[in-house]
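Working through the structure, step by step
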Amino acid sequence: MPRKLRQELPESEILRERALRCRQLADGAGNLEFAIKLNAISDEYECDAKRTDAEGHINRRYYSSHQKE
């Protein structure tokens, strides 16, 4: 029985979710240096997301829990 595919996500949305996770980790980090690095990574993800939107790339990904044959 084939498994259902999860909802397709635009590349920019994936990058924004990664940026949000980095910011959340930075907020909870007990180490200031690590938090600064996570914030820098978050900024890079945000820039990549904006660039992807500006260039008009759709780059949708499909997520499934089974391997391709």
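Residues numbered from 1 in each chain as written. Predicted model: local features only at pLDDT ≥ 70, side-chain atom pairs only at ≥ 80, totals over all residues. Heavy atoms only, no water.

Looking at the confidence of the model for the chain
Of the residues in the chain, 71% have a pLDDT of 70 or more, and the chain-wide mean is 79. Segment residues 62-69: pLDDT under 50, and 11 contacts once partners within four positions in sequence are set aside and those in other chains are kept. (pLDDT = per-residue confidence, 0-100. Contact = heavy atoms within 4.5 Å.)

Observations concerning the pattern of salt bridges
In total, this model carries 4 salt bridges according to the counting rule given. With a shortest N-O distance of 3.0 Å, arginine 23 and glutamate 46 are connected by a salt bridge. Pair noted here: arginine 23 is in helix H1 (residues 11-28) and glutamate 46 is in helix H2 (residues 32-55), with a separation of 23 residues, a long-range link. Here arginine 51 makes a salt bridge to aspartate 48, at a shortest N to O gap of 2.8 Å. (Salt bridge = Lys/Arg side-chain N within 4 Å of Asp/Glu carboxyl O. Helix = DSSP H or I, 4+ residues; strand = E, 2+ residues; numbered from the N terminus.)

Some remarks on the environment of alanine 49
Its place among the elements puts alanine 49 in helix H2. A residue is classified by how much of its surface remains accessible, and alanine 49, at 0% relative accessible area, is buried. C-alpha separation for the pair alanine 49 and glutamate 13, spaced 36 residues apart in sequence, amounts to 7.2 Å. Alanine 49 has contacts with Ser12, Leu15 and Arg16, leaving out every residue within four places of it along the chain. (Buried < 20%, exposed > 50% of the residue type's maximum accessible area, 1.4 Å probe, protein only.)

Observations concerning H1
When the terminal C-alpha atoms of H1 are compared, their 26 Å separation across 18 residues agrees well with the 26 Å that a helix rising 1.5 Å per residue should span. Regarding H1, the residues found buried are Glu11, Ser12, Ile14, Leu15, Ala19, Cys22 and Ala26. The arc that holds the buried residues of H1, viewed along the axis, is 160°, so those residues lie on one side. Of the exposed residues in H1, the ones pointing more than 90 degrees away from its buried face are Asp27 and Gly28. (Expected span 1.5 Å × (residues − 1). Arc of directions from axis to C-beta.)

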